[in-house]
Amino acid sequence: MCGIVGYVGNKDSLSIIIKGLKRLEYRGYDSSGVAISDGNTTRFCKSKGKINKLEKKLKKIKDISGPIGIGHTRWATHGEPSDINAHPHMSNSGKLLLVHNGIIENYNTLKEKLINEGFSFVSETDTEVLVNLIEFVKQSEKLKLGEAVQIALRQVIGAYAICVMDYDRPNELVVAKLGSPLCIGMGKNEFYIASDVSPFIEFTKKVVYLKDGELAIIRNHKPTIFRKISDNSKVLPTISRLELSLEKIEKKGYKHFMLKEIYEQPKAIRDTLRGRLNIKKGIVKLSGMDEYMDKFINCKKLTIIACGTSWHSALAGEYMFEKIAKVSVEVEYASEFRYRDPVIDKNDIVIAISQSGETADTLAAIKLAKQKGAYVYGICNVVGSSIARESDSGSYTHAGPEIGVASTKAFTTQMTILYLMAIKLAKIRGVISKKSFINYLHEISAIENKIKIALKNDNLVKKVSKKYMNSKNCLYLGRGYNFPIALEGALKLKEISYIHAEGYPAAEMKHGPIALIDKDMPTVVIATNKINYDKIVSNIQEIKSRKGKIIAIVSKGDKEVKKIADDVIEVPECIESITPFITVIPLQLMSYHIAVMLGKNVDQPRNLAKSVTVE
Ligand code: M6R
C-alpha cells in the first residue's frame, strides 16, 4: 500500500513525479523518494516524512532533472519509516533502482540466498531484496533488464507493482504487476506509470491497466512491449479511456478532502442512482444483477465480504436483504473468510464490497469464493480496479474519487447499491407488493435531499464536538439498522482523532460496556428508530443514572429523548431502512470537527493508508 509513479518522455520528469506522488499520498505517507535520469547520470533522493520534506531535500541537490524517473510514497511494512528504508532501493552494484508497492513474502529465503552469493543489505525492506535478486539474475545470466526482471519475479511469492531503472539502459523503465495495482498512461511519445490514474489525469486520457502477471518495457520513442511474466508470451494491451477529470480530484475550496467528501454525498448518491431508477415504470436497473437473474432468484444465502467501513455497509446491507428481500445473509470480514474453510458452493452468491477495489484481503477472499464455485458480485468505487475485474459481475458506486483516508461517501453509496439490490431482489422473488416496491423507490430517491438537510446541522455538530473533544473514550450505541452506524461512527472517531471509541448494539450495553460509564464517558446514542424506541429511551436512562453524558441523534420532532439527553442533533424523519444513510452524517461531521480541533491530520491520519493492499 504505497504509491508509485514513473515517467518516460520529453518533459522534466521530476515535477511530474512529485506532483503525482502528492496525489498518491493517500496510499501511504511515511517516507518518499525519487530517482531521475538525464540519459547519462541517474540521481536520487529519499526522505522520511511527507513529500514536502522530500521537496526540501531535493532543493539542495544540484542538477536533479531529466526525462525519465521513478518515485515512491511509502506506507511501511518491512522496516520503520526512515531515509534508508524509503524507496527507490538500489542494487549492490549501484546500477538498478526500484520502487515497489506490495509485499515479498519469501524475502527472507531470497535474502539468505543472495547473502550466500555475496550480496549485502543496508535496509530492512523486502524491496531491497527484490532489486538485488533482479541484479543477481541479470549479472549471472547476462540478460537485459526486462528479461532479468521477468526471471527474478518467477522466484517471488507475494504481491508487487514495481518500476525499475537501469543505469546501463537510461532510456527505459521496466514495470510489472501481481496483486498490487499499476497502470500506464499512454501519452504522445510519453508514458506515465502510476498506482492509479490520478498522477497523469491532466496529461492523457488513454490508460492501460496492467494485469496480474504482466510486465511492460517502456522506452523513449519506441513502442512499449507487453509480456506475460510466466512464459514471456506477448500480451496485446487494452487501452481504456478515462472519464475522470482533474477537477474531481481537487479540494474545491474545502479545507480537507474528508469535509468535501462528506458534503459531496447528496451528489454522490444521485450519481449512484443515475440511470438505475425509473419510478414511473417501477424499475431498478442493475445490469450486473440482470445478467445473472437466475442466480439471484434461486440463491438460498448471500455472503457479503468486506473490510473496515465497507464491512459496516455490508452489515447495513444484511438488514436490508433480510428485512426487505427475506434472504438469509452472512456478513464476513474478508480477512477471516479467506483463512477459514467457508461452506460455499456454486449455488451461493458472494457480494464483495470495496471502495478502492484493491484491498488485499477482499481480493483474496473473492479468489477463494470463486475457487469454491460461488458467483461473485463486486461493489466497487474505483473503475477498473482489481476487485472490479476479478468479480463475475457487479455495480460501480460512481461516488467519484475518495481521497480522504476516512471513508465517507464510499460508505453511503455502497449502501445505496445494496438497497437497490435488496428491493430489486424482493421484487423478483415476489416477497413485496408493487405498492411497497414503488414506495421504496420514492424513499431512496428522497435520500439526497434528506442528507442535504442533515448537513445543515453542521454548526450545531461543531458546537457539540467542541464540548466533547477532550474525551479519552466514547461509546456509540444503535439498534437494528443503526447498529452498523454506531460501529461506523466509532471507527471514524478512532481513525482520525485517535480517541478510543467503541460501537455496540444498544441492548448489549448491559452485558459489559455499562461498567465503563461515568461522568467522563460520553455516549452517542442513535435514537431515530421507531421500532424499539422505548427500549432506546430506557438505555439512555440507564446511562444517565450512572452520570454518563448523552449525545443523541434523533428524528425531527422527537419528544422523549430530548428531555433526557445532554445534547441532541436532529435528522430528517424517514422510514427505518433509510435511517442509516441519514444518521451517519452527523457522526461523520462530529469525527471531522473533533479531529480538526485536536489539530490532527484529518486526510492522512497516522499509521493508515487509503487502500490496504497488504495483508
Ligand atoms: O477500499 P476498501 O473499501 O476495500 O477499504 C476497506 C477499509 O480499509 C476502509 O474502509 C478503512 O476502514 C477506512 N479507512 C475507514 O474509513
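See the structure printed just above.
Residues numbered from 1 in each chain as written. Predicted model: local features only at pLDDT ≥ 70, side-chain atom pairs only at ≥ 80, totals over all residues. Heavy atoms only, no water.

**Quick notes on helix α4 (residues 126-141)**
Three- or four-residue spacings in an α-helix give side chains the same orientation, since the helix completes a turn every 3.6 residues.
Thought 1: The terminal C-alpha atoms of α4 lie 23 Å apart, and with 16 residues this matches the ideal 22 Å at 1.5 Å per residue to within 8%.
Thought 2: Of all the 16 residues making up α4, 13 are buried; the element is thus mostly covered by neighbouring parts of the structure.
Thought 3: Looking one or two residues past α4, lysine 142 carries a phi angle of roughly 50 degrees, positive in sign. (Helix = DSSP H or I, 4+ residues; strand = E, 2+ residues; numbered from the N terminus. Expected span 1.5 Å × (residues − 1). Buried < 20%, exposed > 50% of the residue type's maximum accessible area, 1.4 Å probe, protein only.)

**Some details on the pairing of strand β23 (residues 500-505)**
Thought 1: Two elements, strand β22 (residues 473-478) and β23, share six bridges in a ladder whose sense is parallel. When the sheet's bridge partners are listed, leucine 477 is paired in β23 with tyrosine 504. (Pairing = 2+ DSSP bridges.)

**Focus on the site of the ligand**
Thought 1: What surrounds the ligand is a group of 15 residues, the closest being Ser310, Ser354, Ser356, Thr359 and Glu495.
Thought 2: Note that an oxygen atom of the ligand is positioned 3.0 Å from one of the backbone N or O atoms of threonine 309.
Thought 3: Within the contact set of the ligand, a nitrogen atom lies 3.1 Å away from a backbone nitrogen or oxygen of valine 405.
Thought 4: In isolation the ligand has 410 Å² of accessible area, and contact with the protein removes 91% of it.
Thought 5: Here the residues of the shell around the ligand are counted per class, giving five nonpolar, eight polar and two charged.
Thought 6: Residue-level mapping places the shell around the ligand at the junction of two domains, with at least three residues from each of domain 2 (251-445) and domain 3 (455-615). (Near = heavy atom within 4 Å. Polar contact = N/O pair within 3.5 Å; in protein donor to acceptor, adjacent residues only side chain to side chain. Areas by Shrake-Rupley, 256 points an atom, 1.4 Å probe, with all protein chains shown as cover. Nonpolar A, V, L, I, M, F, W, Y, C, P; charged D, E, K, R; others polar. Domains from an automatic or database assignment.)

**Digging into the pairing of strand β3 (residues 42-48)**
Thought 1: Sheet analysis places strand β2 (residues 31-37) next to β3, joined by seven bridges and oriented antiparallel. The residue bridging serine 37 from the neighbouring strand is threonine 42, located in β3.
Thought 2: Counting the residues that bridge the hairpin from β2 to β3 gives four residues, and of these glycine 39 lies at a positive phi of roughly 100 degrees.

**Re the environment of lysine 50**
Thought 1: Note that lysine 50 resides in the loop between β3 and α2 (51-59).
Thought 2: The partly exposed category is assigned to lysine 50, whose relative accessible area is 26%.
Thought 3: C-alpha separation for the pair lysine 50 and proline 572, spaced 522 residues apart in sequence, amounts to 41 Å.
Thought 4: Beyond its immediate sequence surroundings of up to four residues, lysine 50 is in contact with Glu25, Tyr29, Ser32, Asn601 and Gln604. (Contact = heavy atoms within 4.5 Å.)

**Observations concerning the pattern of salt bridges**
Side chains carrying opposite charge are able to pair once their charged atoms draw close together.
Thought 1: Applying the stated rule across the entire model yields 32 salt bridges.
Thought 2: One salt bridge connects lysine 372 with aspartate 341, and the closest N-O pair in it is separated by 2.8 Å. Separated by 31 residues along the polypeptide, lysine 372 in the loop between α12 (360-371) and β20 (375-380) and aspartate 341 in the loop between α11 (334-337) and β19 (349-354) bring together distant segments of the chain.
Thought 3: With a shortest N-O distance of 2.6 Å, lysine 492 and glutamate 488 are connected by a salt bridge. Within this pair, lysine 492 and its partner glutamate 488 are both found in helix α18 (residues 483-497), separated by four residues, close to a single helical turn.
Thought 4: Residue classification places lysine 492 among the buried residues on the basis of a relative accessible area of 0%. (Salt bridge = Lys/Arg side-chain N within 4 Å of Asp/Glu carboxyl O.)

**Thoughts on the packing of aromatic side chains**
Thought 1: Counted by the stated rule, this structure contains 12 aromatic pairs.
Thought 2: Aromatic pair tyrosine 7 and tyrosine 192: ring centres 5.1 Å apart, planes at 55 degrees, arrangement tilted. Here the residue tyrosine 7 occupies a position in strand β1 (residues 3-8), and tyrosine 192 occupies one in strand β10 (residues 191-194), the gap between them amounting to 185 residues. Just as tyrosine 7 is buried, tyrosine 192 falls in that class too.
Thought 3: A centroid spacing of 4.0 Å and a plane angle of 10 degrees characterise the contact between tryptophan 311 and tyrosine 333, whose relative ring orientation is stacked. Separated by 22 residues along the polypeptide, tryptophan 311 in helix α10 (residues 308-325) and tyrosine 333 in strand β18 (residues 328-333) bring together distant segments of the chain.
Thought 4: Taking the ring centre of phenylalanine 121 as reference, the NZ or CZ of lysine 111 above it sits at 5.2 Å.
Thought 5: Above the face of the tyrosine 498 ring, arginine 606 is positioned so that its terminal group lies 3.9 Å from the ring centre. (Phe/Tyr/Trp six-rings, centres within 6.5 Å; stacked < 30°, edge-to-face > 60°. Lys NZ or Arg CZ within 6 Å of the ring centre and 35° of its normal.)

**Describing the packing of helix α3 (residues 107-116) against α4**
Thought 1: It is the contact of α3 with α4, at a shortest axis distance of 10 Å, that shows an interaxial angle of 50 degrees. Taken together, the axes of α3 and α4 lie oblique to each other. Crossing of α3 over α4 shows left-handed handedness. Residues Tyr107, Leu110, Lys111, Lys113 and Leu114 of α3 form the contact with α4, whose own contacting residues are Asp126, Val129, Asn132, Leu133 and Phe136.
Thought 2: For the contact of α3 with α4, the residue count by class is six nonpolar, one polar and three charged. (Axes fitted to C-alpha atoms, helices over the stretch in contact; angles between N-to-C directions. Parallel < 35°, antiparallel > 145°, perpendicular 65-115°, else oblique. Left-handed = near helix turned anticlockwise from the far one by under 90°.)

**Here's the deal with the sheet that holds β23**
Thought 1: A sheet is described by the order of its strands in space; here five strands give the open sequence β23-β22-β24-β25-β26, paired in parallel fashion. Of all strands in the sheet, those bounded by a partner on one side alone are β23 and β26 (567-571). Sheet twist, expressed as the mean angle between neighbouring strand axes with direction ignored, is 20 degrees.
Thought 2: Bridging between strand β24 (residues 522-526) and strand β25 (residues 549-555) involves five bridges; their strand directions are parallel. Residue pairing in the sheet places isoleucine 526 in a bridge with isoleucine 553 of β25.
Thought 3: Relative to β24, helix α19 (residues 533-544) is tilted by about 175 degrees, and along the sheet it contacts β22, β24 and β25.

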